[in-house]
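Breakdown of the fold
Read off the chains here:
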Amino acid sequence: MAGASTTTTTTTQLTIDGSVAPEVNIREPHEPKEREKWGRGIEFLLSCIALSVGFGNIWRFPYTAMQNGGGAFLIPYLIVLLLVGRPLYYLEMVMGQFASRGCIKVFDVAPLMRGVGVGQTLALLLILGYYAAVLSVSVRYFVASFGSPLAWARCEPDWSGCVDSEFKGRVQNASLRPSAEYYFNRTVLHNFWTVEDGVGVPDWKLAVCLLFCWMCITGILIKGIRSSGKASYFLAIFPYVILLVLLVRTCTLEGADQGILYLMKPQWEKLIDVQVWYAAVTQCFFSLTISLGSVIVFASYNSFTNNIYRDAMIISWLDTFTSIVSGIVVFGIVGNIAHITGNRVEDMQLQGPQLTFITYPDAIAKFDAAQNVFAVLFFLMFFLLGLGSNTGIVTTIVTAVRDRFPQLPNWKVVISIAIYGFCCGLVYITPGGLHVLDVVDKYGVTLTTLTLVMLEIVTFCWMYGVEQIGHDIQLMLSRRTGVFWRVCWSFVTFGIIAVIWVFSFIQYTPLPVPLGMTVFGWCLYAFVISQVAIWAVYALCERKEEKLLDRLKAACQPTSDWGPENSTVRSQYRSERSKRLEENRAQSVGVGKCVLRKMCNTFVQK
């Protein structure tokens, strides 16, 4: 193009066997336009909090703990958070900030594995549908919170076996269920208990709420990352005020101590149950929103020297605190319901969204005063938490699209995703929508995420190398990477996930849904995972080498433009990397030794 200036750089690449490829001169266009950045560093921190602290903590953590024995789940969850969650969270922040690339472009670090980023983006597209649907239910409750008495506080005449949620005494019949449960199942969702005859038609009131949710998400994101950064101040801070108020009130409910004790009391025999560890790993991914590309995308909008080590520690500990607090609130309320109805806490059979939309409203109905005020504030909090998670998911998908097609205006991409999300969300607000949600969550999201995260670790820590990541952190933050992080990145984190992944198939049990829905779930899994193979073949076909082995070696190396966004820093990075490559060439190591060095150069950082 006339008038375009270029710069010439010389790069050296290390092949997978440790030898150095011939130096090539690459003519690059003049320094491209810098990636959009957060307005202030605090906006990145708050946006990550709004992304990570959301449905995964308030909704998913309590019901996962309920399904897996309360205290039996808490210990594996904390162990997994330490050895898997935090290392992966920090790793993804490092890769995103270092390269200033989104969740697909970051795999330019090894083009052979680009399908991992594509698969993670597809998993996010699946999550997008049901997260917004759950958000629409919170809007429905928010509107109902203005009525007096509260719509779920008292039983309707046709609700047989019902006890008023506002009742604070104790009933003798253990088969009675609170009115909050009837309201959710019969008034809000009109639940089908089976889907043998289909999922039904979406509820029109929830459809309006769903439309409102997508209008809010679109309004926040239509101007790009800076507008969402400004919204993060409110989305990240306000929910904690309400959550702490609910914590205080819950602890005063009669019977709450039994529910909280059930959450906190260890059940040591459960530690050998692989399903509990499987639930802990998947919950860790959801609560921190790791292995889905969102953390990489948010970090990619940082300045190169932003202290992401500090941010990663703050966010991961705050996320843990929020999960435990929300667990205490929910289990305290479940203990109160069990006390009133004469049930045991462990016999309560509330699952999925029901646990949130039954236990919280039931507690609010028992407040002595200002029931409407607390109901409005709680569902506003839940809406804001969900809004923060949903905007983070949409931001990730928008970034993936615009990294590939930068000429597309931001607003067009946002609106297109909003239309898609609204159409998908309609499925989940049907009477059989919860069954569809379970299938998509299990096969299309949970199993795929568990698979893709192993391939992500292989790409970043084994192909690119833990040693190189340590040098990148030194260049960015001027700090050495501790042994704990290098050990986890080298083999501990991968080992834990791999064991859980294997046993998840060995001990697989299908969901109680029709065979057709199970087949649909496995098709979702196959479609997402197949992206890895499809894009690997594409990367090999792009190479010009004659021999397949040479193509494979080249496709495992970073692309010629890989590195920091700033040209000066990128030149420094390439110079230092070239020196290390020369040293490796002098050692003349083979393929096996090279891979082992990248995996296990853990205890010594040169």
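Residues numbered from 1 in each chain as written. Predicted model: local features only at pLDDT ≥ 70, side-chain atom pairs only at ≥ 80, totals over all residues. Heavy atoms only, no water.

Glancing now at the overall build of the protein. Counting its regular elements, the protein contains 20 helices and four strands. Of all 606 residues assigned to the protein, the portion counted as buried reaches 60%. Intrachain contacts of the protein at a sequence separation of at least 6 include 82% that bridge at least 24 residues. Approximately 23,900 Å² of the protein is accessible, and the part contributed by carbon and sulfur atoms is 65%. (Helix = DSSP H or I, 4+ residues; strand = E, 2+ residues; numbered from the N terminus. Buried < 20%, exposed > 50% of the residue type's maximum accessible area, 1.4 Å probe, protein only. Contact = heavy atoms within 4.5 Å. Areas by Shrake-Rupley, 256 points an atom, 1.4 Å probe, with all protein chains shown as cover.)

Attention now goes to the packing of aromatic side chains. Applying the stated criterion across every chain yields a total of 39 aromatic pairs. Centroid distance Phe73 to Tyr77: 5.7 Å. Interplanar angle 20°. Geometry classified as stacked. Of this pair, Phe73 and Tyr77 are both found in helix α3 (residues 71-99), four residues apart, which corresponds to roughly one turn of the helix. Note on Phe142 and Phe146: the rings are 5.3 Å apart at their centroids and 90° apart in plane angle, and the pair reads as edge-to-face. Among the aromatic side chains, those forming a connected cluster through ring pairs are Tyr141, Trp152, Tyr183, Phe184, Phe357, Phe378, Phe379 and Phe382. Geometry around Tyr443 places Lys442 over its ring, the cationic atom sitting 5.9 Å from the centre. In this structure, Arg479 is placed above the aromatic ring of Tyr309, and the distance from its NZ or CZ to the ring centre is 3.9 Å. (Phe/Tyr/Trp six-rings, centres within 6.5 Å; stacked < 30°, edge-to-face > 60°. Lys NZ or Arg CZ within 6 Å of the ring centre and 35° of its normal.)

With that settled, the discussion passes to the pattern of salt bridges. Pairing of side chains with opposite charge becomes possible as their charged atoms draw close. In the structure shown here, the tally under the stated rule is nine salt bridges. The closest approach of N and O atoms between Glu166 and Arg154, which form a salt bridge, is 2.8 Å. Pair noted here: Glu166 is in the loop between β3 (162-163) and β4 (177-178) and Arg154 is in the loop between α4 (114-144) and β3, with a separation of 12 residues, a long-range link. Under the relative-accessibility criterion, Arg154 is labelled partly exposed at 44%. Here Arg310 makes a salt bridge to Asp311, at a shortest N to O gap of 3.2 Å. For Arg310, a relative accessible area of 42% translates into the label partly exposed. Owing to a relative accessible area of 0%, Asp311 belongs among the buried residues under this scheme. (Salt bridge = Lys/Arg side-chain N within 4 Å of Asp/Glu carboxyl O.)

Further remarks concern the state of the cysteines. Applying the stated rule across the entire model yields one disulfide. Two residues, Cys155 and Cys162, share a disulfide whose sulfurs are 1.9 Å apart. Taking the torsion about the S-S bond as the criterion, the Cys155 to Cys162 disulfide, at about -85°, is left-handed. Under the relative-accessibility criterion, Cys162 is labelled buried at 16%. Cys213 takes part in no disulfide bond, and the closest cysteine sulfur to it belongs to Cys216, at a distance of 6.6 Å. (Disulfide = S-S within 2.5 Å.)

Turning our attention to unusual backbone geometry. Between Ser148 and the following residue, Pro149, the backbone shows a cis peptide bond with an omega angle of 0°. Tracing the backbone through its elements, the reader meets Pro149 in the loop between α4 and β3. Unlike most non-glycine residues, Ser100 shows phi in positive territory, near 50°. Mapped onto the elements, Ser100 comes out in the loop between α3 and α4. For Ser100, a relative accessible area of 10% gives the class buried. Its identity is not glycine, yet Ser478 carries a phi of approximately 55°, on the positive side.

Right, let's talk about the nonpolar core for a bit. Grouped together as the largest cluster of nonpolar side chains are 191 residues, with contacts concentrated most on Met93, Tyr130, Trp152, Phe460 and Ile469. At 25 residues, the largest contribution of residues to this core is made by helix α15 (residues 433-477). When residues no more than four places from it in sequence are discounted, the contact partners of Phe460 are Leu91, Met95, Val106, Phe107, Val109, Ile296, Gly465 and Ile469. (Core = buried A, V, L, I, M, F, W, Y, C linked by side-chain atoms within 4.5 Å.)

Attention now moves to a nonpolar patch on the surface. A cluster of nonpolar residues, Ile222, Trp411, Ile415 and Ile419, forms a patch on the protein surface that exposes about 350 Å² of accessible area. Examined against the element boundaries, Ile419 turns out to sit in helix α14 (residues 410-428). Look at Ile419 and you get exposed, because its relative accessible area is 52%. (Patch = residues over 30% accessible without salt bridge, like charges linked within 9 Å, V, L, I, M, F, W, Y side chains within 5 Å.)

Quick look at the environment of Glu542 now. In this fold, Glu542 is placed in helix α17 (residues 515-542). In this structure the C-alpha to C-alpha distance between Glu542 and Ala555, which are 13 residues apart in sequence, comes to 8.9 Å.

Its 28 residues give α17 an end-to-end C-alpha distance of 40 Å, which sits within 8% of 40 Å, the value for a rise of 1.5 Å per residue. The largest bend along α17 measures about 30° and falls at Ser530. (Expected span 1.5 Å × (residues − 1). Bend = angle between axes of the 7 residues up to and from the residue.)

The next thing to look at is the side chain of Ser504. Note on placement: Ser504 falls in helix α16 (residues 483-506). The contacts of Ser504, once residues within four sequence positions are left out, are Tyr278, Leu447 and Leu450.

A few words on the confidence of the model for the protein. When pLDDT is averaged along the protein, the result is 82; 86% of the residues meet or exceed 70. At the low end of the mean pLDDT range in the protein sits strand β2 (residues 24-29), at 39; at the high end sits α17, at 94. A low-confidence stretch, residues 1-31 stays under pLDDT 50, and its non-local contacts, those more than four residues away or across chains, total 76 contacts. (pLDDT = per-residue confidence, 0-100.)

What follows concerns the packing of α4 against helix α6 (residues 204-221). Following both chains from N to C, one finds α4 and α6 inclined at 110°, their axes separated by 8 Å at the closest point. Between α4 and α6, the interaxial angle falls into the category roughly perpendicular. You can see that α4 and α6 cross each other, and the crossing is right-handed. Of the residues in α6, those touching α4 at Leu128, Ala132, Ala133, Leu135, Ser136, Val137, Val139 and Arg140 are Lys205, Leu206, Cys209, Leu210, Phe212, Cys213 and Trp214. A class-by-class count of the residues in the contact of α4 with α6 yields 12 nonpolar, one polar and two charged. (Axes fitted to C-alpha atoms, helices over the stretch in contact; angles between N-to-C directions. Parallel < 35°, antiparallel > 145°, perpendicular 65-115°, else oblique. Left-handed = near helix turned anticlockwise from the far one by under 90°. Nonpolar A, V, L, I, M, F, W, Y, C, P; charged D, E, K, R; others polar.)

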